[in-house]
Structures are given as structure tokens and as C-alpha cells.
Amino acid sequence: MFNLVLFGPPGSGKGTQSARIVERYQLKHISTGDIFRKEMDAKTALGLKAKSYVEKGNLVPDELVVDLVMNFLDQHGDERGFIFDGFPRTIRQAEILRTELFERGQTIKLMIDLKVPEAELLERMRKRGKKSGRADDQDEDILQNRLKIYRDSTEPVISFYTKHHKHYEIDGVGTVDEVFNRISSVIEQFI
Ligand code: ADP
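Just so we're clear, the structure is a prediction, and the values are computed from it rather than from any experiment.

A. The site of the ligand, seen in detail. Close contacts around the ligand come from 19 residues, with Thr 32, Arg 37, Asn 58, Gly 86 and Arg 128 the closest. One nitrogen or oxygen atom from the side chain of Arg 128 is found 2.9 Å from an oxygen atom belonging to the ligand. Its free accessible area being 550 Å², the ligand has 97% of it covered by the protein chains. The element best represented in the shell around the ligand is helix α2 (residues 32-41), accounting for 4 residues. Considered class by class, the residues forming the shell around the ligand number 7 nonpolar, 6 polar and 6 charged.

B. Focus on the side chain of Arg 146. Looking at the secondary structure, you find Arg 146 in helix α7 (residues 140-154). Overall, the relative accessible area of 9% leaves Arg 146 in the buried class. When near neighbours in sequence (up to four residues on either side) are disregarded, Arg 146 contacts Pro 10, Gly 57, Met 125, Arg 128, Arg 134, Asp 136 and Asp 137.

C. Here's a closer look at the packing of aromatic side chains. Counted by the stated rule, this structure contains 6 aromatic pairs. Ring centres of Phe 82 and Phe 84 lie 6.0 Å apart, and the angle between their planes is 40 degrees; on these two criteria the pair is classed as tilted. No difference in accessibility class separates Phe 82 from Phe 84, as the two residues are buried. For the pair Tyr 168 and Phe 190, a centre-to-centre distance of 5.3 Å together with 70 degrees between the ring planes defines the contact as edge-to-face. Taken as a pair, Tyr 168 in strand β5 (residues 167-171) and Phe 190 in the segment after α9 (176-187) lie far apart in primary sequence, 22 residues in all. With relative accessibility at 25%, the residue Tyr 168 sits in the partly exposed group.

D. Quick peek at helix α1 (residues 14-25). The end-to-end C-alpha separation of α1 is 16 Å, in line with the 16 Å expected for 12 residues at 1.5 Å each. The set of residues buried in α1 consists of Lys 14, Gln 17, Ser 18, Ile 21 and Tyr 25. The buried residues of α1 occupy an angular sector of 110 degrees when projected down its axis, which confines them to one face. Residue Gln 26 follows α1 closely and has a positive phi angle near 50 degrees.

E. Spatial organisation of the sheet that holds β5. The strand order β2-β3-β1-β4-β5 describes an open sheet built from 5 strands, whose pairing is parallel. Each edge of the open sheet carries a strand with a single partner, namely β2 (28-31) and β5. In this sheet, neighbouring strand axes are inclined to one another by 20 degrees on average, regardless of whether the strands run parallel or antiparallel. The strands that α2 touches are β2 and β3 (82-85); relative to β2, the one it contacts most, it runs at about 65 degrees.

F. Quick look at the side chain of Thr 32. In this structure, Thr 32 sits in helix α2. Apart from the residues within four sequence positions on either side, Thr 32 is in contact with Val 65, Leu 68, Val 69, Asp 85, Gly 86 and Phe 87.

G. Layout of the pairing of β3. Burial along β3 is two-sided: Phe 82 and Phe 84 and Ile 83 and Asp 85, pointing in opposite directions, are all buried. Here 3 bridges tie strand β1 (residues 4-7) to β3, and the two strands are oriented parallel to one another. Considered in β3, the bridge of Leu 4 is made with Ile 83. As judged from the 4 bridges shared by β2 and β3, these two strands associate in the parallel manner. Of the residues in β3, the one forming a bridge with Lys 28 is Phe 82.

H. How the structure looks around the packing of helix α4 (residues 62-75) against helix α5 (residues 91-103). Put simply, α4 and α5 touch, their axes get as near as 11 Å, and they point 30 degrees apart. As summarised for this structure, α4 and α5 are arranged roughly parallel, according to the angle between their axes. Seen from above, α4 lies across α5 with right-handed handedness. Contacts between α4 and α5 involve Asp 62, Val 65, Val 66, Met 70 and Leu 73 from the former and Arg 92, Gln 93, Ile 96, Leu 97, Glu 100 and Leu 101 from the latter.

Procedures and definitions
- Residues numbered from 1 in each chain as written.
- Predicted model: local features only at pLDDT ≥ 70, side-chain atom pairs only at ≥ 80, totals over all residues.
- Heavy atoms only, no water.
- Near = heavy atom within 4 Å.
- Polar contact = N/O pair within 3.5 Å; in protein donor to acceptor, adjacent residues only side chain to side chain.
- Areas by Shrake-Rupley, 256 points an atom, 1.4 Å probe, with all protein chains shown as cover.
- Helix = DSSP H or I, 4+ residues; strand = E, 2+ residues; numbered from the N terminus.
- Nonpolar A, V, L, I, M, F, W, Y, C, P; charged D, E, K, R; others polar.
- Buried < 20%, exposed > 50% of the residue type's maximum accessible area, 1.4 Å probe, protein only.
- Contact = heavy atoms within 4.5 Å.
- Phe/Tyr/Trp six-rings, centres within 6.5 Å; stacked < 30°, edge-to-face > 60°.
- Expected span 1.5 Å × (residues − 1).
- Arc of directions from axis to C-beta.
- Pairing = 2+ DSSP bridges.
- Axes fitted to C-alpha atoms, helices over the stretch in contact; angles between N-to-C directions.
- Parallel < 35°, antiparallel > 145°, perpendicular 65-115°, else oblique.
- Left-handed = near helix turned anticlockwise from the far one by under 90°.

Keep in mind these values describe shape, not function.
Written out as C-alpha cells, the structure reads:
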């Protein structure tokens, strides 16, 4: 199996690039953010629990996220591999993912880290907020909070994958095709 973490701050293009990667390499996409939004829309128990965190731009507690991801893995055991989008977002999540994959005889092959300057991230999220109506993209305080949480809690995850020699930094500025070509050239060294 080929398991890949697509990493980057909010607005860095993880969702867009995941769709391209899925198309070319037939991996199974898991976006924890997409799952939370769906569960919130459907007002499930998980959605109701996640709502207060997602709405403020805070991280959902690790236990909730980890349970959701492991259930997903167990329901999709026969895939060619997974793209983890928006997960892991804390060192603890990264450690648990490593252990859980290990127990299933798997590993993360690489972590692709999309680098985009903050000014551009803000611009992209504001634009997305207008188009998609995503509430957490429409409020300036929430946008700033998400970037702060990224810097404080999520960015340290890079060092976890650097330590394991799996971290690949990609310039996330450019057209969707340009960024995808950069990502593909890294994936093709491994797949
Ligand atoms: P973005 O990357 O643009 O912030 P996501 O769709 O990945 O958007 O995430 C939206 C929200 O869902 C986050 O702000 C957070 O509240 C919650 N969330 C998603 N993934 C995780 C995670 N791995 N751990 C904790 N919270 C998460």
C-alpha cells in the first residue's frame, strides 16, 4: 500500500491537490475536515460533538479524530493506499497514526508539505468563503485563529516526519497544474 500525508496550512490547496492525486494514482482520499462538515450537516452525534470546535476554527480533540480515521481505515482495507488530508494535525495524532498503521502492517511512505505564504492563504480562504459559504472561511477572527493553531500545534508535525525522513516540502504557489506536477515528481520517486 502507498500511504501519503498531504500536509499544509488551511488554504494551502490540500483538497484540490488530493482530487488530482486520487485521479492519477487511484488512492483513497480521507479528509477529516470534509468528514466533520458532512457529519455536522447531517447532525449526527459525531457532527454535534465536532461542531463547537470546527465553528471556532479550533482543533477537534485528538480522540474524536483518531477514532474516525481508524474506523475509515478499517472500512476500506483493500485500497491501493490512502491520502491523509488534514490529518495528522498534532504530534499526538501523528504518533497514533504511526502505531495504528504499524499494527496493520503499513506505514506512511511520505509526507508532502505544501508551503504557501500567509497573505496568500488568507486571500484564498476569503475567496473560498464567498464561493462555498463555509462559515469558518468567512470570519476574520476565525481565519486568524486557524493560522495561529496551525503554527502552534500543527506545524510541529513537520519535525515528526523529518525525523523519520519522510518530509518533502513543495512550493504551493502557482497554478493547480504547476503544483500538481511538483507533487507528482515526488510521488513518482516512491510509487
Ligand atoms: P482547512 O485545512 O482549510 O482548515 P479542513 O477541512 O481540513 O480545513 O478542516 C476544517 C476544520 O475541521 C478544522 O479547522 C478543525 O476544526 C477540524 N479538523 C479537521 N481535521 C482535524 C484534525 N486532524 N484534528 C483536529 N481537528 C480537525
